[in-house]
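# Topology and contacts: notes
What follows is the residue order along each chain.
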Amino acid sequence: MNHSKPYFFCGIGGSGMLPLACIVRAQGHEVAGSDRALDQGRVSDKFAFLESRGIGLFPQDGSGVTSADQLLVTSAAIEETVPDVQAAIRVGAERITRPQLLARLFNAARTGIACGGTSGKSTTTGMIGWILHALGRDPTVMNGAVMKNFVTPDTPFASALVGSGDMFVSEVDESDGSIALYEPRIAVVGNVTLDHKSMDELRALFLGFVSRAEVAVLNIDDAETRQLARQVAPERLTTFSFSDPNADLLGGNVVEEPLAISFSATRRASGEAVQVRLAVPGRHNASNALSALAAVSAVGVNLGEAAEALASFTGLRRRFEVVGTRNGIAVIDDFGHNPDKITATLSTLHAFPGRLLVLFQPHGYGPLRTMRQELVDCFAEQLGQEDILIMPDPVYHGGTTSRDVGSADIVEGVRAAGRQAEHVAERAAAGERLGELARPGDRIVIMGARDDSLSTFAADVLASL
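Residues numbered from 1 in each chain as written. Predicted model: local features only at pLDDT ≥ 70, side-chain atom pairs only at ≥ 80, totals over all residues. Heavy atoms only, no water.

### Considering the overall build of the chain
Let me state the cut-off plainly: Only DSSP runs of H or I reaching four residues or more are called helices, and only runs of E reaching two or more are called strands; each is numbered from the N terminus. Throughout, the radius of gyration refers to the C-alpha atoms, and the reference size of a globule is 2.2 Å times the residue count to the power 0.38. For the exposure calls, accessible area comes from a 1.4 Å probe over protein chains only, and a residue counts as buried if that area is under 20% of its type's maximum, exposed if over 50%, partly exposed in between. Here, two residues are considered to be in contact whenever any of their heavy atoms come within 4.5 Å of each other. We get accessible surface area from the Shrake-Rupley algorithm with a probe of 1.4 Å; when it comes to residues, only the shown protein chains can shield them. Charge counting treats Lys and Arg as positive and Asp and Glu as negative, with His and both chain ends excluded. Where a charge sits is defined by one atom per residue type, namely NZ (Lys), CZ (Arg), CG (Asp) or CD (Glu).
When you go through the chain residue by residue, the secondary structure sums to 16 helices and 21 strands. Its C-alpha atoms give the chain a radius of gyration of 22 Å, near enough to 23 Å, the size a compact globule of 465 residues would have. Over its C-alpha atoms, taken along the principal directions, the chain stretches across nearly 60 × 60 × 45 Å. Going through the 465 residues of the chain one by one, you find that 56% of them count as buried. Counting only contacts in the chain whose residues sit at least 6 apart along the sequence, the fraction spanning at least 24 positions is 66%. Accessible area of the chain: about 18600 Å², with a carbon and sulfur share of 48%. Taking the 41 positively charged and 55 negatively charged side chains of the chain as two groups, their mean positions are separated by 1 Å.

Structural data, given as structure tokens:
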């Protein structure tokens, strides 16, 4: 990579772009960018943060891309018609996608730990990053979500951590196929389920991913990942499980609490056992923690020290984040957007009494069409008789995507399965409906992805109770 070139990020405010821009800036490179949200006057605190890092901001009209010396970084989905891209073509500037740039930085590190899987990879990345940071390994961490442990007044958008050690921990994404670009020393996979691609495509991507690693850390409680494990040479394989005594790292003695979970972890080879208590709830997080312990063990971290560090892991923004309680009603902000993630959150909540009012905002019409039946089945199974699902229309930023399957179709399917569900097209009206329904003892869950404004919406719902 030509490090002398200034970087220009088109869409710099995005959850995957902002942390990457911060990493590149912290490495001493000149960085600037543009964002549609900035032009529309939205989320100004995020852009003030970038400017405080010495990152220049421009309108998304091509005015920031003026030289062939610049390197234009775009999200994988950016259209050729965007003025910044047109400007890059005009001046002859090199172009690279966000995943390509991240993979270059990651592959250049001496010890790369890559976390993949349909669900849980952001949390697992955060856990591994926190263990390594707490134990003085000074890692660089790239995540798709804000890691609460690393938030300070100076770094409110801590979805990246810039370290000076030789370790680079990153979440890697299968939804855009970019997982194929990474060459990790340690490849972690928690699960493989239907989300953005067909199962055959996913199996091929994940097999390629683990095949390029020195060590594959795999969850054999998940049927697809167990199949993957059978295709990895035993000397390159580390398995973890809560149910299979033949796993290299075995979890057990799980005790759930409303906002925490504890379990034991035993290394099969040595019989060494440790107790783990997490300050985040849910069995899915116990599984994420077990994978983090297996991953750091693969780079020589002491199991007991790693478990101790995990006790102070405070979680990720919008991952079962309790916004607050008012008049006996709790509001929870959550990233759940596919059946696996939704199931994990709802089962965590159903471990304890109280009715659930779930607002689910789909993150696009495409994913809704792909997962239509799976989403209907998920809500039909996971909602209790008393629970109520409210669905506004999906996020839509324009473009050519087909809108033949909408929120009303999911609601219709959930109602046909005998559960309570309502389609309220406008999100603001859906929020008002939650307020009308809510009574003391209820938990309101705001669910959805790829929309920064959902957290503000959750806070507004709490304030209105």
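There's plenty left to go through after this.
### A word on unusual backbone geometry
Of note in the backbone geometry, Phe-320 takes a positive phi value of approximately 50 degrees without being a glycine. For Phe-320, the position within the fold is in the loop between helix H10 (303–310) and strand E16 (321–326). You can call Phe-320 buried: its relative accessible area is 11%. Phi is positive for Arg-450, which is not a glycine, with a value near 60 degrees. Along the chain, Arg-450 turns up in the loop between strand E21 (443–448) and helix H16 (453–464).

### Quick notes on the environment of Pro-59
Following the sequence through the fold, Pro-59 ends up in the loop between strand E3 (56–58) and strand E4 (71–74). The class of Pro-59 is partly exposed, set by a relative accessible area of 38%. Counting along the chain gives 26 residues from Pro-59 to Gly-33, while the straight-line C-alpha distance between them is 8.4 Å. Discounting residues that sit within four places of it in the chain, Pro-59 has contacts with Ser-34, Asp-39 and Asp-84.

### So, the packing of helix H13 (residues 372–382) against helix H14 (residues 407–416)
Test applied: An axis is simply a line fitted to the C-alpha atoms; with a helix, the fit covers only the stretch in contact. Between two such axes, the angle follows the N-to-C directions and lies from 0 to 180 degrees. Any angle from 65 to 115 degrees is called roughly perpendicular, while one under 35 is roughly parallel, one over 145 is roughly antiparallel, and all others are oblique. A clockwise turn of the near helix away from the far one marks a right-handed crossing, whereas an anticlockwise turn of less than a right angle marks a left-handed crossing. Residue polarity is assigned by list, with Asp, Glu, Lys and Arg as charged and Ala, Val, Leu, Ile, Met, Phe, Trp, Tyr, Cys and Pro as nonpolar; anything else, Gly included, falls into the polar class.
Here H13 crosses H14 at 45 degrees, and the two axes come no closer than 9 Å. Taken together, H13 and H14 sit at an angle that is classed as oblique. Relative to H14, the crossing made by H13 is right-handed. Along the contact surface, H13 presents Arg-372, Leu-375, Val-376 and Phe-379, while H14 presents Asp-409, Ile-410, Gly-413 and Val-414. The residue inventory of the contact of H13 with H14, partitioned by class, reads 5 nonpolar, 1 polar and 2 charged.

### Description of the nonpolar core
As a rule of thumb, soluble globular proteins bury nonpolar side chains together. Threshold: Residues grouped as a nonpolar core are buried Ala, Val, Leu, Ile, Met, Phe, Trp, Tyr and Cys residues, joined through side-chain atoms within 4.5 Å.
Within the largest apolar cluster, 50 residues are counted, with the highest numbers of intra-cluster contacts made by Phe-9, Ile-12, Leu-101, Phe-209, Val-210 and Leu-218. Looking at this core element by element, the count peaks at 7 residues for helix H1 (residues 17–26). Setting aside anything within four residues of it in sequence, one finds Phe-9 in contact with Met-17, Leu-20, Ala-21, Val-24, Val-31, Ala-32, Gly-33, Ser-34, Val-73 and Leu-101. In terms of nonpolar packing, the next biggest core, distinct from the first, is built from 45 residues, Ile-131, Leu-249, Phe-263 and Ala-286 among them.

### As for the pattern of salt bridges
Definition in use: Only one rule defines a salt bridge in this text: a Lys or Arg side-chain nitrogen within 4 Å of an Asp or Glu carboxyl oxygen.
Under the criterion given, the structure shown has 23 salt bridges. Across the pair Asp-200 and Arg-203 runs a salt bridge, and its minimum N-O distance is 3.0 Å. On the criterion of helical spacing, the pair formed by Asp-200 and Arg-203 is a turn pair, its members being 3 residues apart in helix H7 (residues 199–211). Residue Asp-200 is classed as exposed on the basis of its relative accessible area of 58%. Through salt bridges that share partners, Lys-5, Glu-94 and Arg-104 make up one connected network.

### Thoughts on the side chain of Ser-287
With respect to the element layout, Ser-287 can be found in helix H9 (residues 283–297). If we ignore the near neighbours within four places in the chain, the residues touching Ser-287 are Asn-219, Phe-240 and Phe-242.

### A word on H9
Put simply, the rule reads: Expected span of a helix: the number of residues minus one, times 1.5 Å.
Helix length check: H9, at 15 residues, gives a terminal C-alpha distance of 21 Å against a target of 21 Å (1.5 Å per residue), a fit within 8%. The buried fraction of H9 is high, at 13 of 15 residues.

### Remarks on the packing of aromatic side chains
Spelled out, the test is: Pairs were defined over the aromatic rings of Phe, Tyr and Trp, the Trp ring being its six-membered one, requiring ring centres within 6.5 Å. Orientation was assigned from the angle between planes: stacked under 30 degrees, edge-to-face over 60, tilted for the rest. Whether a charge sits over a ring depends on NZ of Lys or CZ of Arg being within 6 Å of the ring centre and within 35 degrees of the ring normal.
Evaluation of the coordinates by the stated rule reveals 8 aromatic pairs. Between Phe-49 and Phe-157, the aromatic rings sit 5.4 Å apart at their centres with planes inclined by 55 degrees, giving tilted as the arrangement. With Phe-49 in helix H3 (residues 44–52) and Phe-157 in the loop between strand E7 (140–142) and strand E8 (160–161), the pair connects residues that are 108 residues apart, well separated along the chain. The two residues Phe-49 and Phe-157 agree in class, both being buried. Between Phe-242 and Phe-263 the ring centres are 5.4 Å apart and the planes differ by 70 degrees, which places this aromatic pair in the edge-to-face class. Of this pair, Phe-242 sits in the loop between strand E12 (237–241) and strand E13 (249–257) while Phe-263 sits in strand E14 (residues 260–267), and the two are 21 residues apart along the sequence. Classification of Phe-242 as partly exposed rests on a relative accessible area of 24%. Given a relative accessible area of 0%, Phe-263 falls into the buried group. Among the aromatic side chains, those forming a connected cluster through ring pairs are Phe-106, Phe-168 and Tyr-182. Looking at Arg-319, its charged tip hangs above the ring of Phe-335, at a distance of 3.8 Å from the centre.

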